[in-house]
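# A look at the structure
As a plain string of letters, each chain reads:
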Amino acid sequence: MEIISIISIVATVIGLLAFGIIAIKHKRNRYQKLLFLVFIFSLTYNAFLSFLATSGSLLEYPHFYRTASPFLYCIPIALYLLAKAIGKNQNAPARSDYVLLLIPLLHLAELTPFYFQNSALKLQHLGNLTANPDIMVFDKVSLIPSNWHYFFQLSLGAVLMTITFLRTLKYRKNPGGNSRKRKLIWINWISLFLGSCFAILVVLLLIDPESLNIYVYGAFLITASLLIVFLGLFLEPHVLYGTLHSENLKRLTSGKSRTQNSPGDEDLAFRKLIDTYFETEQSYLQPSFRQADLASDLNISRNTLSAMINRTYEMNFNQLLNEKRIEFALKNLEDSKWEHLSLEGIAREVGFKSRTTFNKAFKSKTGCTPSRYRTAQVPG
């Protein structure tokens, strides 16, 4: 088990590094960033507990016993919800998502009485951990035996990772592309690996778990998965930092680029980047979206962004923002999801705080009011 302990502590250190980078440097949607952090932390914490268990150190720190179990639920749930959030440009969980988020919370509540027990009682549960790590699998410290929890956790993981893999598979067939597609390609590979790990462990539990050192296999696969995830982040740094548009924009606005390109070429490139941003991101549909948010996402100063918008679009940021919101509204007015919405509801959907502002921006873009435009689109 010494090799597993070494892998576990290495994975823990790398995981903490990745968590710190994401927490400090990662750009983009806050909801997606939160899911990303939960995913990385859950992997890292399970790697840390694997180190404590396989090295025997858990006997010295028994209060850590079973604290990783709720986070094992979080690993597949967080990655599944992250893929869904990126694919659908979600800024908040849907109502159905709360059912999944409730699972680890209920398990945490189930284990809470055990957490408050003294260390002597926890050491009795641990027994001869160094000789038999599978105590971690077959103990009963809550209402439901631990092995049943492991079976449900791993089965849920295999199912969610399979769904995630299938939903993101189409993006892998078309590598490259914008930031959203490249993130989903990365998730596709990670879900394939994690889903395989979960499925293997489910099979081992079903075969003859008491003679297979199931915890050792599980510890190895979980810690190895963190190393694979980090390798994927290293190979795709824009996923780790959440910056793809900004890298291109920094090259565009660098002094070397300005000397090589004519002002006209620079303006065309900037316009393409901005248009791509509004096509692939939907955070600008939030009423709270400001110029500072766009500048942060693109990793440039507000003054530079403002000057380039004024020069390239011949309008200020608020005018550009309203125009992009109206363009989004025009694309979706005939969508069945919007049929029941009033004009005030549509205004809120695209980020306007009032119907009056929406009407004014809409008429400026189309030459007619939203109600007249909507009536004109109705057949007959």
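The sections below set out a description of the structure shown in this document.

Conventions adopted
- Residues numbered from 1 in each chain as written.
- Predicted model: local features only at pLDDT ≥ 70, side-chain atom pairs only at ≥ 80, totals over all residues.
- Heavy atoms only, no water.
- Helix = DSSP H or I, 4+ residues; strand = E, 2+ residues; numbered from the N terminus.
- Buried < 20%, exposed > 50% of the residue type's maximum accessible area, 1.4 Å probe, protein only.
- Contact = heavy atoms within 4.5 Å.
- Areas by Shrake-Rupley, 256 points an atom, 1.4 Å probe, with all protein chains shown as cover.
- Phe/Tyr/Trp six-rings, centres within 6.5 Å; stacked < 30°, edge-to-face > 60°.
- Lys NZ or Arg CZ within 6 Å of the ring centre and 35° of its normal.

Across its full length, the protein chain holds 19 helices and zero strands. The 380 residues of the protein chain split such that 49% are buried. The long-range fraction of contacts in the protein chain, counting pairs at least 24 apart against all pairs at least 6 apart in sequence, stands at 70%. Carbon and sulfur atoms make up 59% of the accessible area of the protein chain, which amounts to about 19,000 Å² in all.

All right, on to the packing of aromatic side chains then. One pass over the full model with this rule turns up 16 aromatic pairs. Linked through ring pairs, Phe19, Phe41, Tyr45, Phe48, Phe64 and Phe71 together constitute an aromatic cluster. The side chain of Lys122 reaches across the aromatic face of Phe114, ending 5.6 Å from its centre. Positioned over the ring face of Phe352 is Arg325, at 5.8 Å from the centre of the ring.

If you check the backbone angles, Arg66 has positive phi at about 70° while not being a glycine. Among the structural elements, Arg66 can be located in the loop between α2 (30-55) and α3 (69-88). Classification of Arg66 by relative accessible area gives buried; the value is 4%. For Glu314, which is not glycine, the phi dihedral falls at a positive 55°. The topology assignment puts Glu314 in the loop between α15 (302-313) and α16 (317-332).

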